[in-house]
Amino acid sequence: MKNSRIIAILLAAGSSKRMGQNKISLPLGNSTIGSFGLRKFINSNIDHVFVVTKENDSLNWISKDLFQKPYKDFWTHVPCTSANKGQSFSLKCGLTQALKTKPLGIMILLADQPFLSIQTINVLHQNYLKRVSENSTIPFLAASFQGVPRPPIILSPNLIPDLFMLNGDEGARAIIRKHTNLEGVLVEFGNKWDFFDIDTKEAYEIAKGVDLSL
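Rules and cut-offs
Numbers given for residues are sequential positions, taken from 1 along each chain in its written order. The predicted origin of the model limits local features to residues at a pLDDT of at least 70 and limits the giving and counting of side-chain atom pairs to 80 or more, whereas totals for whole chains, interfaces and linings rest on all residues. Hydrogens and water are ignored here; the side-chain numbers use all heavy atoms of the structure. Elements are defined by DSSP. Helices are runs of H or I of four residues or more, strands are runs of E of two residues or more, and each kind is numbered from the N terminus. Note on exposure labels: buried denotes an accessible area under 20% of the residue type's maximum, exposed denotes more than 50%, and partly exposed covers the range between, all computed with a 1.4 Å probe on protein chains only. Working rule for contacts: check all heavy atoms of both residues, and any pair within 4.5 Å makes them a contact. Pairing between two strands is assigned when DSSP locates at least 2 bridges connecting them. To obtain each axis, a line is fitted to C-alpha atoms, and for helices this fit is confined to the stretch in contact; angles are then taken between N-to-C directions over 0 to 180 degrees. Among buried residues, those of type Ala, Val, Leu, Ile, Met, Phe, Trp, Tyr and Cys that are joined through side-chain atoms within 4.5 Å constitute a nonpolar core. Salt bridge criterion: a side-chain nitrogen from Lys or Arg within 4 Å of a carboxyl oxygen from Asp or Glu.

Chemist: Help me get a handle on the environment of Leu-10, residues and values and all.
Modeler: Checked against the element boundaries, Leu-10 lands in strand β1 (residues 6-11). A relative accessible area of 0% places Leu-10 in the buried class. For the pair Leu-10 and Gly-209, spaced 199 residues apart in the sequence, the C-alpha separation amounts to 24 Å. Among all residues touching Leu-10, those that are not within four sequence positions of it are Leu-38, Phe-41, Val-49, Phe-50, Val-51, Val-52, Leu-109, Leu-110 and Ala-111.

Chemist: Explain the sheet that holds β1 to me, using residue names and the numbers behind them.
Modeler: Spatially, the seven strands line up as an open sheet ordered β5-β4-β1-β6-β8-β7-β9, and their pairing is mixed. If you trace the sheet from one side to the other, it starts and ends with β5 (75-80) and β9 (185-189), each paired once. Going from strand to strand, the sheet's axes swing by 30° on average, the running direction of each strand aside. Here four bridges tie β1 to strand β4 (residues 49-54), and the two strands are oriented parallel to one another. When the bridges of β4 are listed, Leu-10 appears paired with Val-51. Lying over the sheet, helix α2 (residues 87-98) contacts β1, β4, β5 and β6 (105-110), oriented at roughly 150° with respect to β1.

Chemist: Quick rundown of the nonpolar core? Include the residues and the values.
Modeler: Ranked by internal contacts, the top residues of the largest apolar core, which has 34 residues, are Leu-10, Leu-38, Val-49, Val-51, Trp-75, Met-107 and Leu-124. Among the secondary structure elements, those contributing two or more residues to this core are β1, α1 (33-42), β4, β6, α3 (118-134), β7 (140-145) and β9. Among the elements that make up this core, the one with the highest residue count is α3 (five residues). With residues near it in sequence (within four places) discarded, Trp-75 still touches Ile-42, His-48, Val-49, Val-51, Leu-59, Ile-62, Leu-66 and Phe-67.

Chemist: Can you tell me about α1, naming the residues and giving the values?
Modeler: Burial analysis of α1 places nine of its 10 residues in the buried class, the great majority of the element. Inspection of α1 places Ile-33, Gly-34, Ser-35, Phe-36, Gly-37, Leu-38, Lys-40, Phe-41 and Ile-42 among the buried residues, and these make up the whole buried set.

Chemist: Which residues make up the pairing of β9, and what values go with them?
Modeler: Residues Val-185, Val-187 and Phe-189 line the buried face of β9, whereas the alternating positions Leu-186 and Glu-188 sit on a face that is not buried. Pairing analysis gives five bridges linking β7 to β9, with the strands arranged parallel. Its bridge partner lying in β9, Leu-141 is registered against Val-185.

Chemist: Describe the pattern of salt bridges, with residues and values.
Modeler: One pass over the full model with this rule turns up six salt bridges. Here Lys-23 and Asp-199 are joined by a salt bridge, their closest N and O atoms 2.7 Å apart. Taken together, the positions of Lys-23 in the loop between β1 and β2 (27-28) and Asp-199 in the loop between β9 and α6 (201-207) put the pair 176 residues apart, joining distant regions of the chain. Overall, Lys-23 belongs to the buried group, its relative accessible area being 12%. Asp-199 sits in the buried class, given a relative accessible area of 17%. The shortest N-O distance in the salt bridge between Asp-65 and Arg-39 comes to 2.8 Å. Taken together, the residues Asp-65 in the loop between β4 and β5 and Arg-39 in helix α1 connect sequence positions 26 residues apart. Judged by its relative accessible area of 29%, Asp-65 is partly exposed. Judged by relative accessible area, which is 25%, Arg-39 ranks as partly exposed. Sharing partners across several salt bridges, the network here consists of Lys-23, Asp-112 and Asp-199.

This is the structure we're talking about:
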């Protein structure tokens, strides 16, 4: 269900130091790691995806059809001049744009998690809307695997001031760690591939053998 005022920030400005090359542009199926994930995020119930990249990103890792309607209506490129300073700066660039939409919730997505399923995104989306309808002060709702909070996470706009206080490579999870008194919600999932990060060459080799219908 789109038009729910739940938007997403896709962090795609990483340095890929452990991979040794731009990981989101590596082939995956008939696409790339980054585009494979973006397509699913666009096709989920999320209203809009703000794709945060380095300032000079050519976007050649995004499949050409995603630049055409109807897909292009559901994502916006956000070049970030300060992305090389760490993930927190990319997050702030995305937040600055996302806040203009007056969102009810902001989901943080990572470009190197291409196997995150549409179903998982929609379950989080549905749960957040349900919780907000019951308690408008919910600070966050996060995915959990084996009892550990993991991306993606949906943040309440009430947490935005805290997010702008992050530094370096700190991400949204740092808010949870620093503010243990926050009464957020964790939604447990059992599929490990939802949370598989392609950070290294070894992980990429494993990814190439994954059933892409997941």
